[in-house]
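Residues per chain, in single letters:
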Amino acid sequence: MKASEIRELDVEELERRIADTRRELFNLRFQHATGQLENTGQLREVRKNIARLLTALNQKKRES
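Residues numbered from 1 in each chain as written. Predicted model: local features only at pLDDT ≥ 70, side-chain atom pairs only at ≥ 80, totals over all residues. Heavy atoms only, no water.

- Per an unreviewed UniProt entry, the protein goes by the name Large ribosomal subunit protein uL29 and belongs to Rubrobacter taiwanensis.
- Of the comments in the UniProt record for the protein, the one headed Sequence similarities (unreviewed entry) reads "Belongs to the universal ribosomal protein uL29 family." (UniProt positions renumbered as here; feature names shortened; annotations may be inferred.)

Here it is in structure tokens:
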């Protein structure tokens, strides 16, 4: 997900996407621990997406 797309979302949508992405990260970690994850680069990408979402959420909250 691109930063420009994230900035267009409202606070509720950002919070929902953060929850969904954290759930995805949990599932990827579980797959990694059990040896089922083939592309371990996904872990890094999902963590970066969470950071982008949290950054945008904090900026929106500071604005209002």
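Once you've had a look at it, read on.
### Let's talk about the side chain of Thr21
Right, so step 1: Relative to the assigned elements, Thr21 resides in helix 2 (residues 11-33).
Right, so step 2: Ignoring sequence-local partners within four residues, the contact set of Thr21 consists of Val46, Asn49, Ile50 and Leu53. (Helix = DSSP H or I, 4+ residues; strand = E, 2+ residues; numbered from the N terminus. Contact = heavy atoms within 4.5 Å.)

### Digging into the packing of helix 2 against helix 3 (residues 41-63)
Packed helices, taken two at a time, are described by the angle their axes make and the gap between the axes.
Right, so step 1: Interaxial distance between helix 2 and helix 3 falls to 9 Å at its minimum, and their mutual angle equals 160°. Classified by the interaxial angle, the pair formed by helix 2 and helix 3 is roughly antiparallel. Along this stretch, helix 2 crosses helix 3, giving a crossing that reads as left-handed. In this structure, helix 2 contributes Val11, Leu14, Glu15, Arg17, Ile18, Thr21, Arg22, Glu24, Leu25, Leu28, Arg29 and His32 to the contact, and helix 3 contributes Gln42, Leu43, Val46, Arg47, Asn49, Ile50, Leu53, Leu54, Ala56, Leu57, Lys60 and Lys61.
Right, so step 2: Within the contact of helix 2 with helix 3, the residues separate by chemical class into 12 nonpolar, four polar and eight charged. (Axes fitted to C-alpha atoms, helices over the stretch in contact; angles between N-to-C directions. Parallel < 35°, antiparallel > 145°, perpendicular 65-115°, else oblique. Left-handed = near helix turned anticlockwise from the far one by under 90°. Nonpolar A, V, L, I, M, F, W, Y, C, P; charged D, E, K, R; others polar.)

### As for the packing of aromatic side chains
Right, so step 1: Overall, the coordinates contain one aromatic pair when judged by the stated rule.
Right, so step 2: Residues Phe26 and Phe30 carry aromatic rings whose centres are separated by 6.5 Å and whose planes lie at 35° to one another, so their mutual orientation is tilted. Of this pair, Phe26 and Phe30 both sit in helix 2, four residues apart, which is roughly one turn of that helix.
Right, so step 3: Residue Phe26 is classed as exposed on the basis of its relative accessible area, which comes to 53%. (Phe/Tyr/Trp six-rings, centres within 6.5 Å; stacked < 30°, edge-to-face > 60°. Buried < 20%, exposed > 50% of the residue type's maximum accessible area, 1.4 Å probe, protein only.)

### Considerations on the pattern of salt bridges
Right, so step 1: Enumeration according to the criterion identifies six salt bridges in this entry.
Right, so step 2: Between Arg52 and Glu45 there is a salt bridge; the shortest N-O distance is 3.9 Å.
Right, so step 3: Judged by relative accessible area, which is 31%, Arg52 ranks as partly exposed.
Right, so step 4: The class for Glu45 is partly exposed, based on a relative accessible area of 39%.
Right, so step 5: One connected set of salt bridges, linked through shared partners, spans Glu13, Arg16, Arg17, Asp20 and Arg23. (Salt bridge = Lys/Arg side-chain N within 4 Å of Asp/Glu carboxyl O.)

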